[in-house]
Amino acid sequence: MIRRNLVTGGAGFLGSHLVDTLLENGEEVICIDNYSTGNKGNIEKWIGHKRFELIRHDITVPIQLEIDQIWHLACPASPVHYQANPIKTAKTIFLGTFNMLGLARRLNAKLLLASTSEVYGDSLVHPQSEDYWGNVNPVGVRSCYDEGKRLAEALCCDYQRMHNVDIRIMRIFNTYGPRMLPNDGRVISNFVVQALQEKSLTVYGEGKQTRSFCFVDDLIKGMVLLMNSSYTEPMNIGNPDEYSILDIAEIIRSKINPTLKIIHKPLPSDDPNRRKPDISLAKEYLDWHPKINFNKGLDQTINYFKTQTINL
Ligand code: NAD
Ligand code: UDP
(Lines give C-alpha, C1' and ligand atoms only; values in the text may rest on other atoms or scores of the structure.)
(Ligands and ions follow the chains in the order given, each with its own letter.)
Protein backbone atom coordinates (compact mmCIF):
# COMPACT_ATOMS: atom_id res chain seq x y z
CA MET A 1 0.00 0.00 0.00
CA ILE A 2 1.29 3.47 -0.89
CA ARG A 3 1.56 5.61 2.28
CA ARG A 4 0.28 9.20 2.32
CA ASN A 5 2.84 11.44 3.99
CA LEU A 6 2.34 14.97 5.21
CA VAL A 7 5.60 16.96 5.35
CA THR A 8 5.25 20.29 7.16
CA GLY A 9 7.99 22.72 6.18
CA GLY A 10 8.57 20.63 3.06
CA ALA A 11 9.87 23.58 1.02
CA GLY A 12 12.68 24.17 3.51
CA PHE A 13 16.22 22.84 3.63
CA LEU A 14 15.64 19.49 5.38
CA GLY A 15 11.98 19.16 4.34
CA SER A 16 12.72 19.34 0.63
CA HIS A 17 15.37 16.60 0.86
CA LEU A 18 12.87 14.46 2.76
CA VAL A 19 10.22 15.11 0.08
CA ASP A 20 12.71 13.89 -2.56
CA THR A 21 13.42 10.70 -0.62
CA LEU A 22 9.75 9.86 0.01
CA LEU A 23 8.72 10.45 -3.60
CA GLU A 24 11.74 8.54 -4.93
CA ASN A 25 10.63 5.66 -2.67
CA GLY A 26 7.23 5.61 -4.41
CA GLU A 27 5.21 7.19 -1.58
CA GLU A 28 2.62 10.00 -1.71
CA VAL A 29 3.53 13.40 -0.30
CA ILE A 30 1.49 16.41 0.72
CA CYS A 31 3.81 19.32 1.46
CA ILE A 32 2.60 22.29 3.47
CA ASP A 33 4.64 25.43 3.85
CA ASN A 34 4.14 29.16 4.29
CA TYR A 35 7.45 29.91 2.50
CA SER A 36 8.68 32.08 5.38
CA THR A 37 12.17 30.52 5.30
CA GLY A 38 11.55 27.95 2.58
CA ASN A 39 11.81 28.18 -1.12
CA LYS A 40 9.37 26.84 -3.70
CA GLY A 41 12.34 26.22 -5.99
CA ASN A 42 13.44 23.41 -3.63
CA ILE A 43 10.41 21.29 -4.58
CA GLU A 44 9.58 22.80 -7.96
CA LYS A 45 10.59 19.67 -9.85
CA TRP A 46 7.75 17.70 -8.19
CA ILE A 47 4.95 20.16 -9.01
CA GLY A 48 2.50 18.34 -11.30
CA HIS A 49 3.71 14.88 -10.20
CA LYS A 50 0.75 12.58 -9.50
CA ARG A 51 1.98 11.55 -6.04
CA PHE A 52 2.79 15.13 -4.93
CA GLU A 53 0.60 17.98 -3.63
CA LEU A 54 1.72 21.39 -2.47
CA ILE A 55 -0.37 23.52 -0.11
CA ARG A 56 0.50 27.05 0.92
CA HIS A 57 -0.60 27.08 4.54
CA ASP A 58 0.50 28.38 7.92
CA ILE A 59 0.54 25.55 10.47
CA THR A 60 -0.53 27.84 13.31
CA VAL A 61 -3.98 27.41 11.72
CA PRO A 62 -5.61 23.93 11.91
CA ILE A 63 -5.97 21.98 8.66
CA GLN A 64 -8.01 18.88 7.78
CA LEU A 65 -6.27 16.31 5.58
CA GLU A 66 -6.34 12.55 5.11
CA ILE A 67 -2.85 11.15 5.67
CA ASP A 68 -1.05 8.15 7.23
CA GLN A 69 1.98 9.82 8.75
CA ILE A 70 3.21 13.30 9.57
CA TRP A 71 6.78 14.54 9.33
CA HIS A 72 6.53 17.72 11.36
CA LEU A 73 9.43 19.98 10.33
CA ALA A 74 7.85 23.41 9.85
CA CYS A 75 9.77 25.94 11.95
CA PRO A 76 12.57 28.40 11.20
CA ALA A 77 15.86 26.75 12.22
CA SER A 78 18.51 29.45 11.85
CA PRO A 79 19.01 31.63 14.97
CA VAL A 80 18.80 34.72 12.72
CA HIS A 81 15.43 33.63 11.37
CA TYR A 82 13.86 32.30 14.57
CA GLN A 83 14.89 35.42 16.50
CA ALA A 84 13.58 37.81 13.81
CA ASN A 85 10.02 37.31 15.12
CA PRO A 86 10.33 35.23 18.28
CA ILE A 87 6.62 35.37 19.12
CA LYS A 88 5.77 33.95 15.69
CA THR A 89 8.43 31.27 16.24
CA ALA A 90 6.87 30.26 19.57
CA LYS A 91 3.40 30.21 17.98
CA THR A 92 4.67 28.11 15.08
CA ILE A 93 6.24 25.60 17.44
CA PHE A 94 3.40 25.38 19.98
CA LEU A 95 0.28 25.87 17.84
CA GLY A 96 1.82 24.06 14.87
CA THR A 97 2.74 21.00 16.92
CA PHE A 98 -0.62 21.10 18.73
CA ASN A 99 -2.47 21.21 15.38
CA MET A 100 -0.40 18.38 13.93
CA LEU A 101 -0.87 16.20 17.03
CA GLY A 102 -4.63 16.82 16.81
CA LEU A 103 -4.55 15.66 13.19
CA ALA A 104 -2.46 12.62 14.12
CA ARG A 105 -4.89 11.73 16.91
CA ARG A 106 -7.96 12.02 14.68
CA LEU A 107 -6.44 9.94 11.89
CA ASN A 108 -4.47 7.50 14.03
CA ALA A 109 -1.41 8.68 12.10
CA LYS A 110 2.23 8.45 13.19
CA LEU A 111 3.97 11.79 13.87
CA LEU A 112 7.69 12.55 13.81
CA LEU A 113 8.71 15.81 15.50
CA ALA A 114 11.85 17.54 14.19
CA SER A 115 13.26 18.52 17.56
CA THR A 116 16.74 19.82 18.13
CA SER A 117 20.01 19.62 20.05
CA GLU A 118 18.99 23.08 21.33
CA VAL A 119 16.87 21.30 23.96
CA TYR A 120 20.22 20.67 25.73
CA GLY A 121 20.95 24.45 25.74
CA ASP A 122 24.46 25.46 26.80
CA SER A 123 25.15 21.89 27.82
CA LEU A 124 27.01 21.07 31.06
CA VAL A 125 27.70 17.51 29.85
CA HIS A 126 29.70 16.49 26.82
CA PRO A 127 28.86 14.78 24.51
CA GLN A 128 25.09 15.15 24.91
CA SER A 129 23.05 11.99 25.39
CA GLU A 130 19.27 11.81 25.40
CA ASP A 131 19.01 11.33 29.18
CA TYR A 132 20.53 14.80 29.81
CA TRP A 133 17.79 17.30 30.73
CA GLY A 134 19.65 20.35 29.51
CA ASN A 135 20.80 23.77 30.63
CA VAL A 136 18.50 26.28 28.95
CA ASN A 137 17.99 29.97 29.68
CA PRO A 138 14.17 30.18 29.83
CA VAL A 139 14.10 33.95 29.21
CA GLY A 140 16.95 34.46 26.73
CA VAL A 141 16.88 35.36 23.04
CA ARG A 142 17.07 31.69 22.03
CA SER A 143 14.27 30.61 24.38
CA CYS A 144 11.47 31.02 21.80
CA TYR A 145 13.16 28.18 19.94
CA ASP A 146 14.81 25.99 22.57
CA GLU A 147 12.05 26.26 25.19
CA GLY A 148 9.57 26.03 22.30
CA LYS A 149 11.01 22.72 21.14
CA ARG A 150 11.14 21.44 24.74
CA LEU A 151 7.43 22.18 25.04
CA ALA A 152 6.78 20.55 21.65
CA GLU A 153 8.49 17.39 22.93
CA ALA A 154 6.40 17.52 26.13
CA LEU A 155 3.24 17.93 24.06
CA CYS A 156 4.11 14.90 21.92
CA CYS A 157 4.70 12.80 25.05
CA ASP A 158 1.39 13.93 26.59
CA TYR A 159 -0.51 13.06 23.39
CA GLN A 160 1.19 9.67 23.52
CA ARG A 161 0.31 9.14 27.21
CA MET A 162 -3.26 10.50 27.01
CA HIS A 163 -4.33 9.54 23.48
CA ASN A 164 -1.88 6.83 22.37
CA VAL A 165 -0.56 8.92 19.48
CA ASP A 166 2.37 7.10 17.89
CA ILE A 167 5.23 9.62 18.13
CA ARG A 168 8.89 9.86 17.15
CA ILE A 169 11.11 12.61 18.60
CA MET A 170 14.22 13.31 16.57
CA ARG A 171 16.80 15.60 18.20
CA ILE A 172 18.58 16.95 15.17
CA PHE A 173 22.12 18.32 15.56
CA ASN A 174 23.62 20.96 13.22
CA THR A 175 23.06 19.85 9.64
CA TYR A 176 24.40 21.39 6.43
CA GLY A 177 24.31 20.83 2.70
CA PRO A 178 22.77 21.96 -0.59
CA ARG A 179 19.56 24.07 -0.35
CA MET A 180 20.51 26.03 2.73
CA LEU A 181 19.55 29.61 1.93
CA PRO A 182 22.47 31.89 1.00
CA ASN A 183 21.15 34.41 3.57
CA ASP A 184 20.31 31.70 6.09
CA GLY A 185 22.66 33.11 8.74
CA ARG A 186 23.91 29.71 9.91
CA VAL A 187 27.63 29.23 10.08
CA ILE A 188 28.37 26.91 7.14
CA SER A 189 26.26 28.84 4.64
CA ASN A 190 27.61 32.16 5.95
CA PHE A 191 31.27 31.12 5.61
CA VAL A 192 30.83 29.48 2.18
CA VAL A 193 28.89 32.44 0.77
CA GLN A 194 31.32 34.98 2.28
CA ALA A 195 34.30 33.11 0.80
CA LEU A 196 32.68 32.79 -2.64
CA GLN A 197 32.00 36.54 -2.57
CA GLU A 198 35.65 37.16 -1.56
CA LYS A 199 34.56 38.73 1.73
CA SER A 200 36.11 38.22 5.17
CA LEU A 201 34.74 35.27 7.16
CA THR A 202 32.86 36.43 10.28
CA VAL A 203 33.75 34.36 13.36
CA TYR A 204 31.59 35.24 16.38
CA GLY A 205 33.64 35.53 19.58
CA GLU A 206 37.05 33.86 19.62
CA GLY A 207 35.70 30.93 17.63
CA LYS A 208 36.58 28.37 20.32
CA GLN A 209 32.94 27.25 20.61
CA THR A 210 32.33 23.91 18.90
CA ARG A 211 29.65 22.26 16.78
CA SER A 212 29.40 18.83 15.12
CA PHE A 213 28.05 18.93 11.56
CA CYS A 214 26.01 16.27 9.80
CA PHE A 215 25.61 16.19 6.02
CA VAL A 216 21.96 16.39 4.98
CA ASP A 217 21.86 13.02 3.14
CA ASP A 218 22.97 11.18 6.29
CA LEU A 219 20.44 13.09 8.38
CA ILE A 220 17.50 12.23 6.12
CA LYS A 221 18.46 8.53 6.17
CA GLY A 222 18.38 8.68 9.98
CA MET A 223 15.01 10.45 9.92
CA VAL A 224 13.41 7.78 7.71
CA LEU A 225 14.87 4.96 9.83
CA LEU A 226 13.55 6.56 13.01
CA MET A 227 10.04 7.00 11.57
CA ASN A 228 10.03 3.36 10.43
CA SER A 229 11.31 2.08 13.78
CA SER A 230 9.23 1.41 16.88
CA TYR A 231 11.39 3.70 19.06
CA THR A 232 9.20 6.33 20.74
CA GLU A 233 11.64 8.07 23.12
CA PRO A 234 13.74 11.09 22.01
CA MET A 235 16.71 10.15 19.81
CA ASN A 236 19.78 12.17 18.78
CA ILE A 237 20.65 12.17 15.09
CA GLY A 238 23.84 14.00 14.15
CA ASN A 239 27.49 13.58 13.26
CA PRO A 240 29.78 13.41 16.30
CA ASP A 241 32.79 14.91 14.42
CA GLU A 242 33.40 18.06 16.46
CA TYR A 243 35.12 21.23 15.20
CA SER A 244 35.73 24.66 16.66
CA ILE A 245 34.12 27.48 14.67
CA LEU A 246 37.57 28.93 13.99
CA ASP A 247 38.64 25.56 12.53
CA ILE A 248 35.55 25.61 10.31
CA ALA A 249 36.44 29.10 9.04
CA GLU A 250 39.98 27.97 8.26
CA ILE A 251 38.85 24.80 6.48
CA ILE A 252 36.32 26.66 4.31
CA ARG A 253 38.76 29.48 3.54
CA SER A 254 41.46 26.99 2.52
CA LYS A 255 39.03 25.27 0.12
CA ILE A 256 37.81 28.47 -1.56
CA ASN A 257 40.39 31.24 -1.16
CA PRO A 258 43.20 30.98 1.42
CA THR A 259 44.04 34.70 1.14
CA LEU A 260 40.76 35.85 2.71
CA LYS A 261 40.70 37.39 6.19
CA ILE A 262 38.95 35.97 9.21
CA ILE A 263 37.40 38.73 11.31
CA HIS A 264 35.81 38.49 14.76
CA LYS A 265 32.37 39.80 15.69
CA PRO A 266 30.60 39.72 19.09
CA LEU A 267 29.42 36.34 20.30
CA PRO A 268 25.57 36.24 20.35
CA SER A 269 24.09 35.81 23.83
CA ASP A 270 23.49 32.26 25.10
CA ASP A 271 25.53 30.81 22.21
CA PRO A 272 26.20 27.19 23.33
CA ASN A 273 29.86 26.56 24.10
CA ARG A 274 30.28 22.93 23.03
CA ARG A 275 27.99 20.59 21.13
CA LYS A 276 28.46 16.98 20.07
CA PRO A 277 25.86 14.23 19.91
CA ASP A 278 26.14 10.89 21.65
CA ILE A 279 24.60 8.68 18.95
CA SER A 280 24.72 5.34 20.80
CA LEU A 281 20.92 4.98 20.68
CA ALA A 282 20.76 5.62 16.92
CA LYS A 283 23.49 3.02 16.37
CA GLU A 284 21.78 0.47 18.61
CA TYR A 285 18.14 0.90 17.55
CA LEU A 286 18.45 2.09 13.93
CA ASP A 287 21.86 0.71 12.97
CA TRP A 288 22.50 4.30 11.79
CA HIS A 289 25.68 6.28 11.77
CA PRO A 290 26.77 9.11 9.46
CA LYS A 291 28.79 8.05 6.41
CA ILE A 292 29.68 11.34 4.70
CA ASN A 293 32.73 13.04 6.19
CA PHE A 294 33.04 16.80 6.56
CA ASN A 295 35.50 17.17 3.70
CA LYS A 296 33.20 15.44 1.19
CA GLY A 297 30.02 17.09 2.46
CA LEU A 298 31.61 20.50 2.35
CA ASP A 299 32.75 20.01 -1.26
CA GLN A 300 29.15 19.18 -2.27
CA THR A 301 27.87 22.21 -0.36
CA ILE A 302 30.42 24.56 -1.93
CA ASN A 303 29.57 23.23 -5.40
CA TYR A 304 25.88 23.90 -4.70
CA PHE A 305 26.51 27.47 -3.61
CA LYS A 306 28.66 28.04 -6.71
CA THR A 307 25.53 27.39 -8.77
CA GLN A 308 23.65 29.94 -6.65
CA THR A 309 26.19 32.75 -6.65
CA ILE A 310 24.48 34.73 -9.40
CA ASN A 311 21.58 35.30 -7.01
CA LEU A 312 23.70 36.27 -4.01
P1 NAD B 1 14.22 25.75 7.17
O2 NAD B 1 14.02 27.11 7.74
O3 NAD B 1 15.02 25.60 5.93
O4 NAD B 1 12.81 25.05 6.90
C5 NAD B 1 11.68 25.28 7.68
C6 NAD B 1 10.47 25.31 6.76
O7 NAD B 1 9.29 25.53 7.54
C8 NAD B 1 10.54 26.46 5.74
O9 NAD B 1 10.22 25.98 4.46
C10 NAD B 1 9.51 27.46 6.25
O11 NAD B 1 8.96 28.26 5.23
C12 NAD B 1 8.49 26.53 6.91
N13 NAD B 1 7.70 27.18 7.96
C14 NAD B 1 8.17 27.95 8.99
N15 NAD B 1 7.15 28.39 9.73
C16 NAD B 1 6.00 27.88 9.18
C17 NAD B 1 4.62 27.99 9.48
N18 NAD B 1 4.19 28.71 10.53
N19 NAD B 1 3.74 27.35 8.69
C20 NAD B 1 4.15 26.64 7.61
N21 NAD B 1 5.45 26.51 7.27
C22 NAD B 1 6.36 27.13 8.04
O23 NAD B 1 14.83 24.87 8.35
P24 NAD B 1 15.46 23.40 8.31
O25 NAD B 1 16.90 23.52 8.54
O26 NAD B 1 14.98 22.66 7.12
O27 NAD B 1 14.81 22.78 9.62
C28 NAD B 1 13.67 21.95 9.54
C29 NAD B 1 13.31 21.46 10.94
O30 NAD B 1 14.42 20.77 11.52
C31 NAD B 1 12.93 22.58 11.91
O32 NAD B 1 11.85 22.13 12.71
C33 NAD B 1 14.16 22.74 12.77
O34 NAD B 1 13.85 23.19 14.06
C35 NAD B 1 14.73 21.32 12.79
N36 NAD B 1 16.19 21.34 12.99
C37 NAD B 1 17.03 21.65 11.96
C38 NAD B 1 18.41 21.68 12.19
C39 NAD B 1 19.39 21.97 11.10
O40 NAD B 1 20.61 22.01 11.36
N41 NAD B 1 18.98 22.19 9.87
C42 NAD B 1 18.91 21.38 13.47
C43 NAD B 1 18.02 21.10 14.48
C44 NAD B 1 16.65 21.05 14.23
N1 UDP C 1 28.75 31.64 13.86
C2 UDP C 1 29.87 32.38 13.49
N3 UDP C 1 29.81 33.15 12.37
C4 UDP C 1 28.70 33.20 11.58
C5 UDP C 1 27.56 32.43 11.93
C6 UDP C 1 27.62 31.67 13.09
O7 UDP C 1 30.90 32.36 14.18
O8 UDP C 1 28.73 33.92 10.56
C9 UDP C 1 28.84 30.78 15.06
C10 UDP C 1 27.70 30.94 16.07
O11 UDP C 1 27.99 31.98 16.98
C12 UDP C 1 27.68 29.58 16.72
C13 UDP C 1 28.09 28.62 15.61
O14 UDP C 1 28.75 29.44 14.63
O15 UDP C 1 28.63 29.52 17.76
C16 UDP C 1 26.95 27.88 14.96
O17 UDP C 1 25.97 28.85 14.61
P18 UDP C 1 24.67 28.49 13.76
O19 UDP C 1 23.87 29.73 13.69
O20 UDP C 1 25.06 27.82 12.50
O21 UDP C 1 23.92 27.36 14.61
P22 UDP C 1 23.58 27.15 16.18
O23 UDP C 1 24.19 28.26 16.99
O24 UDP C 1 22.10 27.15 16.23
O25 UDP C 1 24.20 25.86 16.50
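## Things to note about the sheet that holds strand E2 (residues 28-33)
The strands that make up a sheet are held in pairs by hydrogen bonds between backbone atoms, and each pair lies either parallel or antiparallel.
Here is step 1: Pairing in this open sheet of 7 strands is parallel, and the strands run E3-E2-E1-E4-E5-E6-E11 from one edge to the other. The outermost strands of the open sheet, each flanked by one partner alone, are strand E3 (52-56) and strand E11 (234-237). Pairwise comparison of adjacent strand axes, ignoring direction, gives a mean angle of 20 degrees for this sheet.
Here is step 2: Here strand E4 (residues 69-72) pairs with strand E5 (residues 110-116) via 4 bridges, running parallel. Note on E5: the bridge partner recorded for His 72 is Leu 113.
Here is step 3: Against the sheet, helix H3 (residues 86-107) engages strand E1 (4-8), E2, E4, E5 and strand E6 (167-172), with an angle of about 170 degrees to E4.
Here is step 4: Contacts between helix H4 (residues 143-163) and the sheet are confined to E5, E6 and E11, with E5 contributing the most and set at about 155 degrees to the helix.

## Some words on the site of ligand 2
Here is step 1: Inspection of the region around ligand 2 gives 18 residues, with Val 187, Thr 202, Tyr 204, Arg 211 and Asp 271 positioned closest.
Here is step 2: Here Arg 142 contributes a side-chain N or O atom positioned 3.0 Å from an oxygen atom of ligand 2.
Here is step 3: At a separation of 2.7 Å, an oxygen atom of ligand 2 approaches a polar backbone atom of Tyr 204.
Here is step 4: Across the complex, the protein chains shield 95% of the 520 Å² of accessible surface that ligand 2 would expose by itself.
Here is step 5: Of all elements in the fold, only helix H5 (187-196) and strand E8 (201-204) reach the threshold of two or more residues within the shell around ligand 2.
Here is step 6: Classifying every residue of the shell around ligand 2 by side-chain character gives 7 nonpolar, 5 polar and 6 charged.

Reading the values: rules and limits
- Residues numbered from 1 in each chain as written.
- Chains lettered and ligands numbered in written order.
- Predicted model: local features only at pLDDT ≥ 70, side-chain atom pairs only at ≥ 80, totals over all residues.
- Heavy atoms only, no water.
- Pairing = 2+ DSSP bridges.
- Helix = DSSP H or I, 4+ residues; strand = E, 2+ residues; numbered from the N terminus.
- Axes fitted to C-alpha atoms, helices over the stretch in contact; angles between N-to-C directions.
- Contact = heavy atoms within 4.5 Å.
- Near = heavy atom within 4 Å.
- Polar contact = N/O pair within 3.5 Å; in protein donor to acceptor, adjacent residues only side chain to side chain.
- Areas by Shrake-Rupley, 256 points an atom, 1.4 Å probe, with all protein chains shown as cover.
- Nonpolar A, V, L, I, M, F, W, Y, C, P; charged D, E, K, R; others polar.

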